[in-house]
Amino acid sequence: MAKISKEKNQNKKKIASKEQSTHLLRIAIQKSGRLSEDSIKLLKECGVGIANGNNQLKIKTENFDAEILFLRDDDIPEYVADGVADIGFVGENVVLEKNKDTQIVERLGYGRCRLSIALPKSKKQINIQSLEGKKIATSYPVILKKWLRQNKINADIHIISGSVEIAPRIGLADAICDLVSSGSTLFSNELYEFETILKSEAVLILGKQLTQKRKELLEKLLFRIRAVKKAKNNKYVLLNAPNNKIKEITKYLPGLNSPTIVPLAKEGWSSVHSVISESDFWNVIEKLKEAGAEGILIIPIEKMIE
Ligand code: PRT
Ligand code: ZN
């Protein structure tokens, strides 16, 4: 523990002491782990060029006035709160657990998981009150303590930093509170998900007041992030239909604006173009087919700017 924090402080000094480039937005992302690839992908989709290979602590980006700081995810809230980085891409679970002086500015839509209480399959609890007096192993004591307090449950929190899922089997705890995504870790350790206490995803956090230049860069980046996210949540649809069915078909295409309708070479037919949201995608497609649409083509959208 002491070694880790000494290394962390040295890194922090190294980053902070180098000549401060006040015209660059300093973005902290996870160096290597579950969020690294998606964070780099999102930044690249936003036109922030990042050279391959992140063995350095800090790199300057291409085509955008920014620097990327590669950190352990647990350190990101602190670096952002202390102003060593301006913004950070990190799991909401880490932000809430570290409880530093930062604010969430945008949800990023990747790294989705949930923080759940899990119990051995052999122990069926009836409701959350049956956790009273139990020993719960976790790496998330702050979030768990808050949840227990809110639910007026007195339980004993046992903090462990890795392999939380084995705690009940070796008699260290009655239950665990850990991150779950597919559920296969719980399954292979003969545990079941009893109660979800937090739903998490990667978020963009902001710390202290930014300089005017950095504020402008953040606005620019946020505009691009929102355009990328919006594009992912929507699809471009093209279809053909006889003219007498167009009125009925356009009822199911709410889109941003009214759909584009182009006459086809085939007499009495038109092509309809529109944008549909991913969330009700299949419902809309079924309705379009029933209404007489033919040759439906669905195309992913790269960026969507209103
Ligand atoms: O080295 P560093 O400290 O940077 O990384 P880390 O090892 O602490 O974190 P990492 O890379 O494992 O996770 C980074 C972030 O990814 C987390 O803080 C979450 O926000 C998010 N995330 C999403 C997850 C998971 N899904 C996840 N499934 N983080 C961890 N897990 C673990 C979980 O702890 C459990 O051990 O995966 C296991 C469960 O997975 P399933 O699929 O079997 O349910
Ligand atoms: Zn970590």
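Here the residue numbers are simple positions, counted from 1 along each chain's written sequence. Going through the entries in the order they are written, you letter the chains from A and number the ligands from 1. Predicted model: local features are reported for residues with pLDDT of at least 70 only, side-chain atom pairs are reported and counted for 80 or more only, and whole-chain, interface and lining totals are derived from all residues. Water and hydrogen atoms play no part in the side-chain values, which are based on all heavy atoms of the structure.

*Asks:* Please explain unusual backbone geometry as it appears in this structure.
*Replies:* Only a minority of non-glycine residues have a phi that is not negative, and only a minority of peptide bonds are not trans. One non-glycine residue with positive phi stands out, namely N99, at about 50°. Residue class for N99 comes out exposed when judged on its relative accessible area of 60%. One non-glycine residue, K152, lies in positive phi territory at about 55°. Exposed residues in this analysis have more than 50% of their type's maximum accessible area, buried residues have under 20%, and partly exposed residues fall in between, with area computed by a 1.4 Å probe over protein chains only.

*Asks:* How do you make sense of helix 2 (residues 36–45) when you look at a structure like this?
*Replies:* Working note: α-helix, 3.6 residues per turn, so residues spaced by three or four point in the same direction. Within helix 2 the residues assigned to the buried category are S36, S39, I40, L42 and L43. Along the axis of helix 2, the buried positions cluster into a sector of 160°, meaning they face one direction only. Buried residues along helix 2 sit in contact with strand 1 (25–30), strand 3 (66–71), strand 4 (87–91) and helix 7 (212–232). Where helix 2 terminates, the next one or two residues include G47, which has phi positive at roughly 80°. Here a strand is any run of E in DSSP of at least two residues, a helix any run of H or I of at least four, and the numbering for each starts at the N terminus. To be clear, the arc concerns the directions from the helix axis to the C-beta atoms. Here, residues are in contact when the closest pair of their heavy atoms is within 4.5 Å.

*Asks:* Would you mind showing me how to read a nonpolar patch on the surface here?
*Replies:* Like-charged residues within 9 Å of one another, or nonpolar side chains (Val, Leu, Ile, Met, Phe, Trp, Tyr) within 5 Å, are grouped into patches, provided each residue has over 30% relative accessible area and no salt bridge. For the area figures, the Shrake-Rupley method with a 1.4 Å probe applies, and any residue is considered shielded solely by the protein chains shown. The rule for a salt bridge is simple: a side-chain nitrogen of Lys or Arg has to be within 4 Å of a carboxyl oxygen of Asp or Glu. A cluster of nonpolar side chains, I166, I170 and L172, forms an exposed patch at the surface whose accessible area comes to about 240 Å². Judged by its relative accessible area of 57%, I170 is exposed.

*Asks:* Any chance you could explain the sheet that holds strand 12 (residues 234–242) here in plain terms?
*Replies:* The strands making up a sheet are joined through hydrogen bonds of the backbone, oriented either antiparallel or parallel. By the convention used here, strands pair only if DSSP detects at least 2 bridges between them. With antiparallel pairing, 4 strands are arranged side by side in an open sheet as 13-14-12-15. Each of the sheet's edge strands pairs with one partner strand only, and the pair in question is strand 13 (260–263) and strand 15 (294–300). When strand polarity is set aside, the average angle formed by the axes of neighbouring strands in this sheet is 20°. Relative to strand 15, strand 12 runs antiparallel, the two sharing 5 bridges. Across the sheet, residue N240 finds its bridge partner in strand 15, namely E294. Sitting on the sheet, helix 9 (residues 281–290) is in contact with strand 12, strand 14 (269–277) and strand 15, with an inclination near 160° to strand 15. A fitted line through C-alpha atoms serves as each axis, taken over the contacting stretch for helices, and the angle formed by two N-to-C directions is quoted from 0 to 180°.

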